[in-house]
Amino acid sequence: MIEVRGLKKSIRNGARTVEILRGIDLTIPKGQFAAIMGASGSGKSTLLGLLAGLDSPSEGEVILDGVSIGSLEEDKLAEVRGRRIGFVFQSYQLIPTLTALENVMLPHELNAPGNARGRAEALLETVGLGDRLHHYPVQLSGGEQQRVALARAFVLEPPIVLADEPTGNLDSKNGQHVLELLMERQRESGTTLVMVTHDAQIAERADRKIHLRDGTIVADELQTAVRTETLR
Ligand SMILES: Nc1ncnc2c1ncn2[C@@H]1O[C@H](COP(=O)(O)OP(=O)(O)OP(=O)(O)O)[C@@H](O)[C@H]1O
Ligand SMILES: [Mg+2]
């Protein structure tokens, strides 16, 4: 489902070129839950952004369902991003002028016909924010904003969810709850889930653990081969 070939990303910083990703090759089958780990600055968010087509690589390609996203026209890419990928940003990226509910409804409004109000409300309920529907992002704590961002990533039921430390700002109870929610979708809807996490216990529950160091994959372990097999 997600294929990455020879992916490199470097950024010009004045006279210097900083190599952020130095050649990543990776295949993530449909329905897999892959955890991406690695020290701060190792390139995790950069990789996730490239998988979503939010950023373009310096070299190499990202292939989603057999289609190289670098070859897509901007409007086609926007459609792939909008309909097939749910993205939970490390920094949430909620729209400040929209309420929690409106933020969650937005991807649906931009990408699909009809109204997602009921579904958006139910998702916010699921992440424990049923009583915060009409709050604006500034009126919400960091962890609450993180949960709104999570609900938003699911409103279109995308086949791929990319989540950048979705439990990073949550206490252990809410973190556990969010993880259960993500894993339930992954199991029941066959969602492919790629999650950046610093939490070893969370990574332990993934099908696969991928370790980045200085922009390269230094370890890639399959943890529950049986479960992954049955999903294929
Ligand atoms: N636009 C940019 N210009 C220059 N350097 C950048 C840019 N974006 C990222 N970097 C550098 O690339 C490296 C990887 O960044 P990235 O955000 O992918 O790390 P990360 O693994 O997600 O870290 P964290 O765990 O702290 O979120 C960092 O050293 C960062 O400073
Ligand atoms: Mg990051």
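Structure's up top.
Let me begin by describing the structure that accompanies this report. (Residues numbered from 1 in each chain as written. Chains lettered and ligands numbered in written order. Predicted model: local features only at pLDDT ≥ 70, side-chain atom pairs only at ≥ 80, totals over all residues.)

1. A short note on the pairing of strand β3 (residues 33-38)
Okay, so step 1: Judged by how many residues are buried, β3 sits mostly within the fold: 6 of 6 residues are covered.
Okay, so step 2: The side-chain alternation of β3 yields two buried faces, one formed by Phe33, Ala35 and Met37 and the other by Ala34, Ile36 and Gly38.
Okay, so step 3: Summarising the sheet, β3 and strand β9 (residues 208-213) pair through 5 bridges and their orientation is parallel. Residue pairing for β9: Met37 is matched across the bridge by His211. (Buried ≥ 20, exposed ≤ 12 C-beta atoms within 10 Å, placed from the backbone. Helix = DSSP H or I, 4+ residues; strand = E, 2+ residues; numbered from the N terminus. Pairing = 2+ DSSP bridges.)

2. Describing the packing of helix α3 (residues 100-111) against helix α4 (residues 117-126)
Okay, so step 1: Contact geometry for α3 and α4: axes closest at 9 Å, N-to-C directions at 120°. Looking at the two axes, α3 sits oblique to α4. The way α3 lies across α4 gives a crossing that is right-handed. Along the contact surface, α3 presents Ala100, Leu101, Val104 and Met105, while α4 presents Arg117, Ala120, Glu121, Leu123 and Leu124. (Axes fitted to C-alpha atoms, helices over the stretch in contact; angles between N-to-C directions. Parallel < 35°, antiparallel > 145°, perpendicular 65-115°, else oblique. Left-handed = near helix turned anticlockwise from the far one by under 90°. Contact = placed C-beta atoms within 7 Å.)

3. Details of the pairing of strand β10 (residues 216-222)
Okay, so step 1: Sheet topology places β9 next to β10; 6 bridges connect them, and they run antiparallel. Considered in β10, the bridge of Leu212 is made with Ile217.
Okay, so step 2: Between β9 and β10, which pair antiparallel in sequence order, lie 2 residues; one of them, Asp214, sits at a positive phi of approximately 45°.

4. Observations regarding the environment of Leu77
Okay, so step 1: The residue Leu77 is located in helix α2 (residues 74-84) in this model.
Okay, so step 2: Using a count of 18 C-beta atoms within 10 Å as the deciding quantity, one classes Leu77 as partly exposed.
Okay, so step 3: Along the backbone, Leu77 and Leu94 are 17 residues apart, and their C-alpha atoms lie at a distance of 21 Å.
Okay, so step 4: Discounting chain neighbours no more than four positions away, the residues touching Leu77 are Gly53, Ile69 and Leu72.

5. Some words on the sheet that holds β9
Okay, so step 1: Taken in spatial order, the 6 strands line up as β6-β7-β8-β3-β9-β10 in an open sheet, and their pairing is mixed. One side of each edge strand has no neighbouring strand; the edge strands of this open sheet are β6 (85-88) and β10. Pairwise comparison of adjacent strand axes, ignoring direction, gives a mean angle of 15° for this sheet.
Okay, so step 2: With 4 bridges connecting them, β6 and strand β7 (residues 160-164) associate as parallel partners.

6. Remarks on the sheet that holds strand β2 (residues 16-28)
Okay, so step 1: Here 4 strands make up an open sheet; going across it, the order is β2-β1-β4-β5 and the pairing antiparallel. A strand with exactly one partner marks an edge of an open sheet, and here the two such strands are β2 and β5 (67-68).
Okay, so step 2: With 10 bridges joining them, strand β1 (residues 2-13) and β2 adopt antiparallel strand pairing. The partner of Lys9 across the bridge, within β2, is Leu21.

7. Focus: the nonpolar core
Okay, so step 1: Formed by 60 residues in total, the largest nonpolar core has its most connected members in Ile36, Val104 and Leu162.
Okay, so step 2: With 6 residues, the single largest contributor to this core is helix α5 (residues 142-154).
Okay, so step 3: Those residues in contact with Leu162, other than ones at most four positions away along the chain, are Leu48, Leu51, Ala52, Ile85, Phe87 and Val194. (Core = buried A, V, L, I, M, F, W, Y, C linked by C-beta atoms within 7 Å.)

8. Here we look at the site of ligand 1
Okay, so step 1: Not every one of the 13 residues close to ligand 1 is listed here, only the nearest: Ser40, Gly41, Lys44, Ser45 and Thr46.
Okay, so step 2: For the shell around ligand 1, the secondary structure elements donating two or more residues are β1, β2 and α1 (44-51).
Okay, so step 3: In terms of residue count, α1 provides more of the shell around ligand 1 than any other element does, 3 residues in total.
Okay, so step 4: Its residues assigned to classes, the shell around ligand 1 comprises 3 nonpolar, 9 polar and 1 charged. (Near = placed C-beta within 6 Å. Nonpolar A, V, L, I, M, F, W, Y, C, P; charged D, E, K, R; others polar.)

That is the geometry; function is a separate question.
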